[in-house]
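Below are the chains, spelled out letter by letter.
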Amino acid sequence: MTLQTPQPPPSALRAVLAALDDESTHSRPVAAVLRHTPGPLLPAHPLAVYVLEGPSLATARRTGWRFLIKHGTAGVVAAAEVAESPGAGHTFAHFAAGPYLDSTVHALRQAWQLAQGTRVRRQPRLLSMPGHYATALWLSGPQPGGADDLLIPLSPAPLGVTAHRVYQAGELLTALDRPEVDGAPLLLGRG
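So, here is what we can say about the structure in this document.

Conventions and cut-offs
- Residues numbered from 1 in each chain as written.
- Predicted model: local features only at pLDDT ≥ 70, side-chain atom pairs only at ≥ 80, totals over all residues.
- Heavy atoms only, no water.
- Helix = DSSP H or I, 4+ residues; strand = E, 2+ residues; numbered from the N terminus.
- Buried < 20%, exposed > 50% of the residue type's maximum accessible area, 1.4 Å probe, protein only.
- Areas by Shrake-Rupley, 256 points an atom, 1.4 Å probe, with all protein chains shown as cover.
- Salt bridge = Lys/Arg side-chain N within 4 Å of Asp/Glu carboxyl O.
- Polar contact = N/O pair within 3.5 Å; in protein donor to acceptor, adjacent residues only side chain to side chain.
- Contact = heavy atoms within 4.5 Å.

**Overview of the overall build of the protein**
The number of helices and strands found in the protein is 4 helices and 11 strands. Taken across its 191 residues, the protein has 45% of its residues classed as buried. Surface summary for the protein: the accessible area is close to 10,300 Å², and the carbon and sulfur share equals 55%.

**Some thoughts on the pattern of salt bridges**
One pass over the structure, following the stated rule, counts 4 salt bridges. Between Glu-81 and Arg-66 there is a salt bridge, with the nearest N and O atoms lying 2.6 Å from each other. In this pair, Glu-81 is assigned in strand E4 (residues 75-85) and Arg-66 in strand E3 (residues 61-71), connecting sequence segments 15 residues apart.

**What to know about the side chain of Ser-85**
When you line up the elements, Ser-85 lands in strand E4. Within the local environment of Ser-85, its side chain forms a polar contact with the side chain of Thr-91, the two groups lying 3.2 Å apart. When neighbours within four sequence positions are excluded, Ser-85 is seen to be in contact with His-90 and Thr-91.

Below you can see the structure in the form of structure tokens.
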């Protein structure tokens, strides 16, 4: 497998660079790390962001781009997300911090390791699954419909899903649709 690193649209990159230069975007608590990081902050590892809106990857809709923000040798210190705006290109949405940063870097490393020694081309994307409270690195394959796509759930993963395990897309989506604990359906609100 080889990874085809996506090229973000120029308007997405411009939106992130403008937000990094704008002190007012650093005022929110989640952006505190940006205020206290001396030196240049650089956007890296652009990933198209898709939101799953149904039972299969065919229902996923691209909503924007996420860039990991690096600070020199300190590594990734934040993420910046830009949203697609009809007719206006891209607009800065927000900065993010938390466990998904390190988890995304870890999943990207896994993807690069998977890419060694195989000829299947895959494109890394970020898949948000709000109905399942989950996010995954989506390794989109060459076949339309997602039959050979892979998903690497980011940590923290929902109950019954192993973070950083490489799943066939259909396998993970089926598992998310039928949560079970010890072979019995998970019933919430019962005690």
